[in-house]
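# Architecture at a glance
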Amino acid sequence: MNIIKFENVSHRYDASAALTELSLGIEDKKITVIVGRSGSGKSTLLQIINGLIHPTEGTVEVFDAPLNYDAINKIRLKIGYSVQGTGLFPHLSVYDNIALLGNITKQLKHVTETRLDMLMSLVNLEPRFKTKFPYQLSGGEQQRVGICRAMILNPPIFLLDEAFGALDNTTRNEIHAELLNMQKIEPRAIVLVTHDLDEAIKLADNIMILEKGIVQQYGSKEDVLNNPSNEFVKNFLKQRIS
Ligand SMILES: Nc1ncnc2c1ncn2[C@@H]1O[C@H](COP(=O)(O)OP(=O)(O)OP(=O)(O)O)[C@@H](O)[C@H]1O
Ligand SMILES: [Mg+2]
């Protein structure tokens, strides 16, 4: 089942085309990784899903209905979003950062607290971190807090844009494992953007390769790796080191 559907979606910033005529679906409860070089349109595609960008052409369906840009804030509560640098509020404690959306939506306090404890344990953040502030955390710890914050309302969709790009290899590998474990426990549609092919191969059920705003290939990981559809994809896959 596709939880996100693009039909003839194109986006132009000023004169230049960032995405051209995308018609595709994104599967529910799977990890879809969008991979491509800098400027290929990855972030644009992701931000079209959560309505941060309204495409210049085409329709976007999320949860079986065309995105209603007048009610976009409500829809976004069901779409977790995590970016590199995390966007944590510096003046809020870890607890308050994670609980934020629970409080804004007036979710019962004990529901928020129970979920917060569960999420922190899933990403191996000890309870003592709750009272700390973002500046007192390492980059990896901050990224984990960002994941917990995005997951507090248990959204059916989780978008990650280069969220692990700034981390050292060991920390990145740990967070990869935590994300895969979370996906096993509570499967959702994860759409992850990266320019790192190895990260894509490690995490993906499905892979989409973008270049110059055009989808070069999109399918199961096995299909993309075993049957590259054109020369661009073949060359792109040669960067693989593992
Ligand atoms: N706000 C903007 N105004 C004008 N052009 C933009 C804007 N945002 C992106 N672009 C252009 O659109 C194209 C696609 O950008 P996008 O950010 O989607 O690429 P990306 O694949 O995420 O790249 P990166 O890997 O560097 O993050 C690029 O050519 C970029 O310069
Ligand atoms: Mg980007």
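Notes on the structure in this doc start here. (Residues numbered from 1 in each chain as written. Chains lettered and ligands numbered in written order. Predicted model: local features only at pLDDT ≥ 70, side-chain atom pairs only at ≥ 80, totals over all residues.)

### Looking at the sheet that holds strand S10 (residues 214-220)
What the 6 strands build is an open sheet, ordered S6-S7-S8-S3-S9-S10; its pairing is mixed. Unpaired on one side and paired on the other, strand S6 (79-83) and S10 mark the two borders of the sheet. Within the sheet, the average angular offset between the axes of one strand and its neighbour, ignoring direction, is 15°. Here 5 bridges tie strand S3 (residues 31-36) to strand S8 (residues 189-194), and the two strands are oriented parallel to one another. Looking across to S8, one finds that threonine 32 is bridged to valine 191. On the sheet, helix H1 (residues 42-49) packs against S3, S6, strand S7 (157-161), S8 and strand S9 (206-211) and is oriented at approximately 155° with respect to S8. (Pairing = 2+ DSSP bridges. Helix = DSSP H or I, 4+ residues; strand = E, 2+ residues; numbered from the N terminus. Axes fitted to C-alpha atoms, helices over the stretch in contact; angles between N-to-C directions. Contact = placed C-beta atoms within 7 Å.)

### Considering the sheet that holds strand S2 (residues 16-27)
With respect to topology, 4 strands assemble into an open sheet ordered S2-S1-S4-S5, the strand pairing being antiparallel. At either end of the open sheet lies a strand with only one pairing partner, and these are S2 and strand S5 (65-66). Bridge analysis of strand S1 (residues 2-13) against strand S4 (residues 57-62) gives 5 bridges, and the strand direction is antiparallel. When the sheet's bridge partners are listed, lysine 5 is paired in S4 with glutamate 61. Along the sheet, H1 makes contact with S1, S2 and S4, crossing S1 at roughly 125°.

By themselves, these observations are geometric and do not establish any function.
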